[in-house]
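So the chains spell out like this:
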Amino acid sequence: MRKLGLAGAAIFGALVVILWFKRPDSSAAWAAWVQTFGVILAILWAVWLQSQAAGQGARQAGQVAAIFASNMHWVFRELSDACAKRSWADYAVHRRILGEILLQGREVTLQLLDGRSLAMATSLRAIAVEALELTESHHQQGNWTGLQVYFDKRLPSIAAWLSATGHPPESSGPTDYAGLRTSFGHLGEP
């Protein structure tokens, strides 16, 4: 953006210097100079608008990626809680929500992301696919404890991605940043 401004200023400066030493001698020459200034200004304006649009697209993609990560963190906490309670109804609902969150994550335009946001989105997509594959065969009499451990192990990774990209997860809810259980329903259990 700054380079564009410097380039525009240099071009206009060069034209002004040329115009200062070689003044147009007819109205047609003046019209040509005015037209030259207008064309250069239009080109610079178009380039500036394009760079603004590209920046806005990248910001929006980053926001969608952060929302995707935040939703992943939430649904993993909910699935962990459903496994802890052995609640098939909660588990089934949140597993479907996980599928929809994965679809949301696939809508993130990876070409517009860079650095940590790109790594976060691709990593969380892989985690979501793995979780869906792992939970597909789970049934009411399945290994609830093993599945809960699986979700609890992934929560710190998701929270770390959120924090690394400047969007730390909320601290309220059934888990804290470290993924440790803090809900009151589990205080009496061994």
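The preceding data block contains the structure.
Residue positions within a chain follow its written sequence, with the count starting from 1. In view of the model being predicted, local features appear only for residues whose pLDDT reaches at least 70, and side-chain atom pairs are presented and counted only at 80 or more, with totals across whole chains, interfaces and linings using the full set of residues. With hydrogens and water set aside, each side-chain value is computed from the structure's full complement of heavy atoms.

A closer look at the side chain of H94
Looking at where H94 falls in the secondary structure, it is placed in helix 3 (residues 88–106). We call two residues contacting when some pair of their heavy atoms lies within 4.5 Å. Residues in contact with H94, not counting those within four places in the same chain, are W74, V75, E78 and L79. Strands are runs of DSSP state E lasting at least 2 residues, helices are runs of H or I lasting at least 4, and numbering of each runs from the N terminus.

Structural notes on helix 3
With 19 residues, helix 3 ought to run about 27 Å at 1.5 Å a step, and its terminal C-alpha atoms sit 27 Å apart, in line with that. Of all the residues in helix 3, the buried ones are Y91, H94, L98, I101, L102 and G105. The buried residues of helix 3 occupy an angular sector of 105° when projected down its axis, which confines them to one face. Projecting away from the buried face of helix 3 at angles above 90 degrees are the exposed residues A89, R96 and E100. In this structure, the buried side of helix 3 is in contact with helix 2 (27–85), helix 4 (115–136) and helix 5 (144–164). The span you would expect from a helix comes to 1.5 Å times its residue count less one. Burial classes: relative accessible area under 20% of the type maximum marks a residue as buried, over 50% as exposed, and values in between as partly exposed (1.4 Å probe, protein chains only). When we speak of the arc, we mean the arc of directions from the helix axis to the C-beta atoms.

Here's the deal with the environment of W161
Relative to the helices and strands, W161 is located in helix 5. With 91 residues separating them in the primary sequence, W161 and S70 have C-alpha atoms 9.6 Å apart. Other than its neighbours up to four places away in sequence, W161 contacts R116, A119, M120, S123 and L124. Two N or O atoms count as a polar contact when they lie within 3.5 Å, although within protein this holds only if one can serve as hydrogen donor and the other as acceptor, and sequence-adjacent residues are included solely when both atoms are side-chain atoms. Reaching out from W161, the side chain makes a polar contact with the side chain of S123 at a distance of 3.3 Å.

Thoughts on the pattern of salt bridges
Just to be clear on terms, a salt bridge is a Lys or Arg side-chain nitrogen sitting within 4 Å of an Asp or Glu carboxyl oxygen. Scanning the model with the defined rule gives 2 salt bridges in all. For R154, the salt bridge identified is with E130, shortest N-O distance 3.5 Å. Here E130 lies in helix 4 and R154 lies in helix 5, a separation of 24 residues in the sequence.

A closer look at a nonpolar patch on the surface
Residues enter a patch when their relative accessible area is above 30% and they make no salt bridge; the linking distance is 9 Å between like charges and 5 Å between nonpolar side chains (Val, Leu, Ile, Met, Phe, Trp, Tyr). Residue-level accessible areas treat just the shown protein chains as cover; the underlying method is Shrake-Rupley with a 1.4 Å probe. A grouping of V17, W20 and F21 is seen on the molecular surface, where their side chains present a nonpolar patch of about 400 Å² in accessible area. Within the fold, V17 resides in helix 1 (residues 2–21). A residue is classified by how much of its surface remains accessible, and V17, at 45% relative accessible area, is partly exposed.

A closer look at the packing of aromatic side chains
The way to describe two aromatic rings as a pair is by their centre distance and the angle between their planes. For Phe, Tyr and Trp, rings pair up if their centres lie within 6.5 Å, where Trp contributes its six-membered ring, and each pair is then called stacked (planes under 30 degrees apart), edge-to-face (over 60) or tilted (otherwise). What the rule picks out here adds up to 7 aromatic pairs. A centroid spacing of 6.3 Å and a plane angle of 85° characterise the contact between W88 and W144, whose relative ring orientation is edge-to-face. Of the two residues, W88 sits in helix 3 while W144 sits in helix 5, which places them 56 residues apart along the sequence. Lysine and arginine charges are scored as sitting over a ring when NZ or CZ, respectively, is within 6 Å of the ring centre and within 35 degrees of the ring normal. The ring of W20 has R23 sitting right over it, with the charged end atom 5.2 Å from the ring centre.

Observations concerning unusual backbone geometry
Positive phi, close to 55°, is recorded for R86, a residue that is not glycine. Along the chain, the position of R86 falls in the loop between helix 2 and helix 3.

Comments concerning the packing of helix 4 against helix 5
Direction vectors running N to C along helix 4 and helix 5 enclose 170°, while the axes themselves pass 10 Å from each other. The angle between helix 4 and helix 5 places the two elements in the roughly antiparallel class. Of the two elements, helix 4 crosses helix 5, and the hand of that crossing is left-handed. Only L147, Y150, F151, R154, I158, W161, L162 and A164 of helix 5 make contact with helix 4, whose side of the interface consists of R116, A119, M120, S123, L124, I127, E130, A131, L134 and T135. By the convention adopted, Pro, Cys, Tyr, Trp, Phe, Met, Ile, Leu, Val and Ala count as nonpolar, Lys, Arg, Asp and Glu as charged, and the other residues, Gly among them, as polar. Considered class by class, the residues forming the contact of helix 4 with helix 5 number 13 nonpolar, 2 polar and 3 charged. Angular values range over 0 to 180 degrees, each being the angle between N-to-C directions of two axes fitted as lines to C-alpha atoms, with helices fitted over their stretch in contact. The scheme is simple: roughly parallel for angles under 35 degrees, roughly antiparallel for over 145, roughly perpendicular for 65 to 115, oblique for anything else. Take the far helix as your reference; a near helix turned counterclockwise from it by less than a right angle gives a left-handed crossing, and one turned clockwise gives a right-handed crossing.

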